[in-house]
Amino acid sequence: MIQMPSLKEARLRKQKDVMVQTKQYIQDKSLSQLGKGKTYFIKTYGCQMNEHDSENIKALLEEMSFQETTDMEKADFILLNTCAIRENAHNKVFGFLGRVKNMKEKNPHVIAGICGCMAQEEVVVEEILQKYKWVDIVFGTHNIHHLPKLLHQIITQQEKEIEVYSKEGDIIENIPAKRDSKYKAWVNIMYGCDKFCTYCIVPYTRGKQRSRKKEDILKEVKQLIKEGYKEVTLLGQNVNAYGKDFNQNYKMENLLEDVALTGIDRIRFVTSHPWDFTDEMIHVIQKYQNIMPYIHLPIQSGSNTVLKRMGRRYTKEQYLTLFYKLKKNIPNCSITTDIIVGFPNETEEEFKETLDIVKECQFDSAFTFIFSKREGTPAARMEDSISIEEKNRRLQELNQLVNYYAKAANEKYLHKIVPVLIEGYSDKDKNKLVGYTDTMKLVNIKGDPSAIGNIVKVEITDVKTWSLDGKIVS
Ligand code: SAH
Ligand code: SF4
Ligand code: F3S
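Conventions used here
Residues numbered from 1 in each chain as written. Chains lettered and ligands numbered in written order. Predicted model: local features only at pLDDT ≥ 70, side-chain atom pairs only at ≥ 80, totals over all residues. Heavy atoms only, no water. Helix = DSSP H or I, 4+ residues; strand = E, 2+ residues; numbered from the N terminus. Rg over C-alpha atoms; globule rule 2.2 N^0.38 Å. Buried < 20%, exposed > 50% of the residue type's maximum accessible area, 1.4 Å probe, protein only. Contact = heavy atoms within 4.5 Å. Areas by Shrake-Rupley, 256 points an atom, 1.4 Å probe, with all protein chains shown as cover. Lys, Arg positive; Asp, Glu negative; His and termini not counted. Charge placed at Lys NZ, Arg CZ, Asp CG, Glu CD. Salt bridge = Lys/Arg side-chain N within 4 Å of Asp/Glu carboxyl O. Pairing = 2+ DSSP bridges. Axes fitted to C-alpha atoms, helices over the stretch in contact; angles between N-to-C directions. Parallel < 35°, antiparallel > 145°, perpendicular 65-115°, else oblique. Nonpolar A, V, L, I, M, F, W, Y, C, P; charged D, E, K, R; others polar. Expected span 1.5 Å × (residues − 1). Arc of directions from axis to C-beta. Near = heavy atom within 4 Å. Phe/Tyr/Trp six-rings, centres within 6.5 Å; stacked < 30°, edge-to-face > 60°. Lys NZ or Arg CZ within 6 Å of the ring centre and 35° of its normal. Left-handed = near helix turned anticlockwise from the far one by under 90°. Polar contact = N/O pair within 3.5 Å; in protein donor to acceptor, adjacent residues only side chain to side chain. Domains from an automatic or database assignment.

Per the secondary structure count, the protein chain includes 13 helices and 22 strands. Computed over C-alpha atoms, the radius of gyration of the protein chain comes to 23 Å, within 12% of the 23 Å expected from 2.2 N^0.38 for 474 residues, which places it in the range of a compact globule. Its C-alpha atoms give the protein chain principal-axis dimensions of about 60 × 55 × 45 Å. The 474 residues of the protein chain split such that 55% are buried. Here the analysis covers contacts within the protein chain between residues at least 6 apart in sequence; of these, 76% occur between residues at least 24 apart. Accessible surface, the protein chain as shown: approximately 21400 Å² in total, 49% of it carbon and sulfur. Computed over 70 positive and 65 negative side-chain charges, the separation of the two mean positions in the protein chain equals 1 Å.

Encoded structure:
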């Protein structure tokens, strides 16, 4: 069966109200042996949303008796969970597909699949149909729960399955998750995005904003506490707009407060769009010790004219007002950001304004990107006279500044004692432990492994640009 995505349809929702229902996922027990003796390998690109989707997909596969392997060469089912945010994310996936093709040639029984945000793009699915005919299964971000059914059809009928919905699906509760960590968990609070920043593909790949019901979110958090989780990160493209689609008076500040009252040790939330950050939210963060003093607050540009062309709906002055309010009211708050350089026709002066705001805010860290044209977005049609060499130069200049302030922010931690949730062993040095401070600083730690899974006091002994070193003191 082939059901293609359509950009035109995805855009239509701007004019129409969409009814979203909450439904329950129910396991099809007749498929519980479908993957017996078979293995799967998932490669995940993109943001936390995709990482969490992969956790759901893994659990769905294991319900069907598939087993995970980290060795792609040994897998019977290979799935790429893709990201569409920038051209290079795209290219990486098509590059990787070459490797999957080699495997399929050696082993035709291998099932190859693509899901995630790229699968929502009409042009991508067309390209797959024409040039990557050997891909067996394509499904989008709205119908993850159909994976068992799609796999069943492939395995029993051996025909290609493409099922991508252009319109957002309903909210499906109860999809199981095989979480990567035993101590910290992603919790979706909303899906999709209604902001339509002019450069961004997400509103088309993830659909309309749909908030989960508070009861379902709180139930999940309480269950995680029972299972021993210490930290939850409330997830959404635009979490501060939580509840705006409900028409009820229950907003992000109310949800934050209710999650804080569950008593979980640590609460984080990403991503915050400055537009929806209310004083009430700041008040709640101030009031509860278990809401972490860490805010990711993407600015994108320091120039009002560029912000306007980006459709960000705030000025740099409004951003700064919010920034200082957060710094003043949340002691020790670390603030990180995202910045795009080389937006169509960004002038040298406009770029300088971005440098200026970085100097003013001295962010704890920043993700920086060169603007990437995404087919179907308004910015892709804007004229652009800035060369890629110039954009690269700007990125480097910006990165130097960002790194300087990241190191400076870390230096303030030297010899301080900070709380760290120890997550496990460091990837780089197996003799060290690793964890994050309340302010989201990565710390490599000397200490007893019995601390894994606990929040302990760590003295910072050395600082680098992107991490800290420390030793456990309690
Ligand atoms: N919802 C979040 C951002 C999600 S995408 C927010 O609005 O803050 C993560 C980051 O990718 C964005 O903040 C932006 O900086 C970057 N990004 C998105 N689209 C891009 C594009 N077309 N080119 C370059 N960077 C982009
Ligand atoms: Fe993209 Fe803007 Fe939505 Fe963030 S808020 S996901 S940048 S459209
Ligand atoms: Fe990428 Fe989709 Fe996330 S485009 S950044 S994986 S929402």
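Once the structure has been displayed, the description carries forward.
This part takes up the pattern of salt bridges. Evaluation of the coordinates by the stated rule reveals 36 salt bridges. A salt bridge links Glu73 to Lys106, with the nearest nitrogen and oxygen atoms 3.6 Å apart. In this pair, Glu73 sits in the loop between β4 (67–68) and β5 (77–82) while Lys106 sits in helix α3 (residues 87–106), placing the two residues 33 residues apart along the sequence. Note on Glu73: relative accessible area 45%, which makes it partly exposed. Each of Glu346, Glu348, Lys352, Glu390, Arg393, Arg394 and Glu397 takes part in one network of salt bridges that share partners.

We now examine the environment of Arg11. Tracing the chain through its elements places Arg11 in helix α1 (residues 7–12). Here Arg11 falls in the partly exposed class, since its relative accessible area comes to 30%. Sequence separation of Arg11 and Lys167 is 156 residues, and the distance between their C-alpha atoms is 9.0 Å. Leaving out residues up to four positions away in the same chain, Arg11 has contacts with Tyr204, Gly376 and Arg381.

With parallel pairing, the seven strands of this open sheet are ordered in space as β1-β8-β7-β6-β5-β3-β4. Where the open sheet ends on each side, the last strands, each with one partner, are β1 (2–3) and β4. Taken together, the two bridges between β1 and strand β8 (residues 161–163) define a ladder with parallel strand orientation. Opposite Gln3, over in β8, you have Glu163 as the bridge partner. Against the sheet, helix α2 (residues 48–63) touches β3 (39–44), β4, β5, β6 (111–116) and β7 (137–139), its axis set at about 175° to β3.

All right, on to the sheet that holds strand β19 (residues 433–437) then. The strand order around the closed barrel formed by five strands is β18-β19-β20-β22-β21, and the pairing between neighbours is mixed. Ignoring strand direction, the axes of neighbouring strands in this sheet form an average angle of 50°. Two elements, strand β20 (residues 442–446) and strand β22 (residues 468–472), share four bridges in a ladder whose sense is parallel. Opposite Asn444, over in β22, you have Asp469 as the bridge partner.

In this structure, the amide linkage connecting Val270 to the following residue, Thr271, adopts the cis form with an omega of 0°. Relative to the elements of secondary structure, Thr271 occurs in the loop between β14 (266–270) and α9 (279–287). A positive phi is found at Gln300, a non-glycine position, where the angle reads about 75°. Within the fold, Gln300 resides in the loop between β15 (294–296) and α10 (304–310).

Axes are the key here: two packed helices are described by the angle between their axes and the distance separating the axes. The N-to-C vectors of helix α12 (residues 348–361) and helix α13 (residues 388–411) enclose an angle of 10°; their axes lie 10 Å apart at closest approach. Considering the angle they form, α12 stands roughly parallel to α13. Where α12 approaches α13, its residues Glu348, Phe351, Thr354, Leu355, Val358 and Lys359 are matched on the opposing element by Glu390, Arg393, Arg394, Glu397, Leu398, Leu401, Val402 and Tyr405. Class assignment for the residues of the contact of α12 with α13 results in seven nonpolar, one polar and six charged.

For the rest of this paragraph, the subject is helix α11 (residues 316–329). Residues spaced three or four apart along an α-helix face the same direction, because each turn holds 3.6 residues. The end-to-end C-alpha distance of α11, which contains 14 residues, comes to 20 Å, matching closely the 20 Å that a straight helix rising 1.5 Å per residue would cover. Considered for burial, the residues of α11 that qualify are Tyr319, Leu320, Leu322, Phe323 and Leu326. Angular distribution of buried residues about the axis of α11 spans 165°; they occupy a single face of the element. Buried residues in α11 make contact with α9, β15, β16 (334–341) and α12.

On to the site of ligand 3, then. Looking at ligand 3, the residues that line it are Cys47, Asn50, Cys83, Ala84, Ile85, Cys117, Arg206 and Gln237. In the shell around ligand 3, the residues fall into five nonpolar, two polar and one charged.

Moving on, we get to the packing of aromatic side chains. Across all of its chains, the model carries 15 aromatic pairs by this definition. With a centroid separation of 5.8 Å and an interplanar angle of 85°, the aromatic rings of Phe323 and Phe363 are classed as edge-to-face. Placement of the pair is Phe323 in helix α11 and Phe363 in the loop between α12 and β17 (365–370), with a sequence separation of 40 residues. Each member of the pair, Phe323 together with Phe363, is buried. Put simply, the rings of Tyr314, Tyr319, Phe323, Tyr324 and Phe363 touch in pairs and so form one group of aromatic residues. The ring of Tyr45 carries the charged tip of Lys43 above its face, separated from the ring centre by 5.5 Å. Positioned above the aromatic ring of Phe369 is the side chain of Arg86, whose terminal nitrogen or guanidinium carbon lies 3.7 Å from the ring centre.

Our next topic: the packing of helix α8 (residues 252–261) against α9. At a minimum axis distance of 8 Å, the contact between α8 and α9 shows a crossing angle of 15°. Compared by their axis directions, α8 and α9 come out roughly parallel. Where α8 crosses over α9, the handedness of that crossing is left-handed. Contacts between α8 and α9 involve Met252, Glu253, Leu256 and Glu257 on the former and, on the latter, Glu280, Met281, Val284, Ile285 and Lys287. Among the residues forming the contact of α8 with α9, the class breakdown is five nonpolar, no polar and four charged.

Residues in contact with ligand 1 amount to 15 residues; listed here are only the nearest, Gln237, Pro298, Gln300, Asp338 and Ser372. Between ligand 1 and Arg312, the relevant distance is 3.2 Å, taken from an oxygen atom to a side-chain nitrogen or oxygen of the residue. Contact between ligand 1 and Asp338: an oxygen atom at 2.6 Å from a side-chain N or O atom of the residue. Of all the elements in the fold, those that place two or more residues in the shell around ligand 1 are β16 and β17. Partitioned by chemical class, the residues of the shell around ligand 1 number seven nonpolar, four polar and four charged.

We now examine the domain arrangement of the protein chain. Its domain assignment divides the protein chain into domain 1 (2–163), domain 2 (171–411) and domain 3 (417–472). Its C-alpha centre places domain 1 at a distance of 36 Å from the equivalent point of domain 3.

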